[in-house]
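Single-letter residue listing:
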Amino acid sequence: MSTIGVDIGGTKIAAGVVEADGTVAARTRRVTPATDPEAIEDAVADAVAELRAEHDVTAVGVAAAGYIDASRSTVVFAPNLAWRHEPLREEVEKRVELPVVVENDANAAAWGEFVHGGGQGTRDMLLLTVGTGLGGGVVLDGELVRGTGGMGAEVGHLRVVPDGHQCGCGRTGCFEQYGSGQALVRWARALAGTDPTGAARLLELAGGDPGAVTGPHVTRAAEEGDEAALALVATLGRWLGEGAASLAAVLDPGLVLVGGGVSSAGDMLLAPMRRAFAGALTAAQHRELARIEPAVLGNDAGMVGVAHLAARG
């Protein structure tokens, strides 16, 4: 029987009917009314109603960008949405009149990859989602790691540089500030501002304005073989590899999957990440190294994962 997976992000709500094998049979979208909790829940219910009109479903899974409590019912805090101790499961259940499961969006993506994506065949894996920020999810012995209060696996906020760059979470030196798209853009703009000759191709793509350089500009220039852009992507890969090694010292996963928009850089990113991981991992020469591979479900990972969790109940 099918379930509906709903992935609520800061700007869009993606919903789909997901079959037992992970196939998305139908999908729809809504704009996220980020400043109004009730409007968000109404938009979710509207998307679910549209999908149910032509599909028989048994439950709804909601992947939410925020801290979810251990009961998987309340969004305790969401940095980019107006949720503060919001009883999301109860509110959505009232509207859709179906059982609802709520999960953190990065956890849901990790679960989607684990059951229907690149994580199939392993028991222990780490997902890093490298977009504007850095998210992640952890599966150990075949189960999601959520922690005592449901707020575990926030890998982007591992502190990697004491007194480092200011993070949006209010702390400094978080992994997210060095292993994300925003870090890549920060470095690229700084380079374009201080070394216009070295960053000539980046400036050309950005119309001559260092402040207009974007992540896609860096990726495009790197794909063209531009040395400065390749070095920037390799720097990001190094930070990701070293951060993944710190996480592996605790988790010892057999697989590290890399998803998110920046992962489109492919081996330009993953090759330096693998080298840095091997170089930073304790006792690397005496242990089996985790495989580092691209995630495969793309933007559907959270939707597919939370739909599977809803099917489990």
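These numbers come from a predicted model, not from an experiment.

Student: Which residues make up unusual backbone geometry, and what values go with them?
Tutor: Positive phi, normally seen in glycine, also occurs at alanine 153, with a value near 65 degrees. Relative accessible area serves as the criterion here: at 18%, alanine 153 is assigned to the buried category. If you check the backbone angles, aspartate 163 has positive phi at about 60 degrees while not being a glycine. Topologically, aspartate 163 is positioned in the loop between strand S11 (143-144) and helix H4 (181-194).

Student: Could you give an account of the side chain of aspartate 7, naming the residues involved and the relevant values?
Tutor: Mapping aspartate 7 onto the fold places it in strand S1 (residues 2-8). No salt bridge is formed by the buried aspartate 7; the nearest opposite charge belongs to lysine 12, separated by 7.1 Å. Excluding residues that lie within four positions of it along the chain, aspartate 7 makes contacts with Lys12, Ile13, Ala14, Ala63, Asp105, Asn299, Gly302 and Met303.

Student: Provide a residue-level description of the environment of glycine 9, including the pertinent values.
Tutor: Relative to the elements of secondary structure, glycine 9 occurs in the loop between S1 and strand S2 (12-18). Along the sequence, glycine 9 and leucine 247 sit 238 residues apart, while their C-alpha atoms lie 26 Å from each other. Ignoring sequence-local partners within four residues, the contact set of glycine 9 consists of Thr32 and Leu81.

Student: Give a detailed account of the sheet that holds strand S9 (residues 125-130), specifying residues and quantitative values.
Tutor: Pairing is mixed across the open sheet formed by five strands, whose spatial order is S11-S10-S9-S12-S13. Edge strands, defined here as strands with exactly one partner in the open sheet, are S11 and strand S13 (291-294). The sheet contact formed by strand S12 (residues 255-259) and S13 spans four bridges and is parallel. When the sheet's bridge partners are listed, leucine 257 is paired in S13 with glutamate 293. Contacts between helix H7 (residues 227-251) and the sheet are confined to S9 and strand S10 (134-140), with S9 contributing the most and set at about 150 degrees to the helix.

Student: Describe the pattern of salt bridges, and please don't skip the residues or the numbers.
Tutor: For the coordinates displayed, the defined rule picks out 18 salt bridges. Aspartate 46 is paired through a salt bridge with arginine 30; the nearest N and O atoms lie 2.8 Å apart. Of the two residues, aspartate 46 sits in helix H1 (residues 37-52) while arginine 30 sits in strand S3 (residues 24-31), which places them 16 residues apart along the sequence. Salt bridges sharing partners connect three or more residues here, namely Glu41, Asp42, Glu91, Lys94 and Arg95.

Student: Provide a residue-level description of helix H8 (residues 267-280), including the pertinent values.
Tutor: With 14 residues, H8 ought to run about 20 Å at 1.5 Å a step, and its terminal C-alpha atoms sit 19 Å apart, in line with that. All of the buried residues along H8 are Leu269, Leu270, Pro272, Met273, Ala276 and Phe277. Where H8 is buried, its residues contact S9, H7, S12 and S13.

Student: For helix H9 (residues 301-312), give the residues involved together with the corresponding values.
Tutor: Compared with an ideal rise of 1.5 Å per residue, which puts 12 residues at 16 Å, H9 spans 17 Å between its outermost C-alpha atoms and is within 8% of the ideal. Summarising burial for H9: nine of the 12 residues are buried, a large majority. Of the residues making up H9, those classed as buried are Ala301, Gly302, Met303, Val304, Gly305, Val306, Ala307, Leu309 and Ala310. Looking at the residues trailing H9, positive phi occurs at glycine 313, about 85 degrees.

About the cut-offs
Residues numbered from 1 in each chain as written. Predicted model: local features only at pLDDT ≥ 70, side-chain atom pairs only at ≥ 80, totals over all residues. Heavy atoms only, no water. Buried < 20%, exposed > 50% of the residue type's maximum accessible area, 1.4 Å probe, protein only. Helix = DSSP H or I, 4+ residues; strand = E, 2+ residues; numbered from the N terminus. Lys, Arg positive; Asp, Glu negative; His and termini not counted. Salt bridge = Lys/Arg side-chain N within 4 Å of Asp/Glu carboxyl O. Contact = heavy atoms within 4.5 Å. Pairing = 2+ DSSP bridges. Axes fitted to C-alpha atoms, helices over the stretch in contact; angles between N-to-C directions. Expected span 1.5 Å × (residues − 1).

The values are spatial; any link to function lies outside them.
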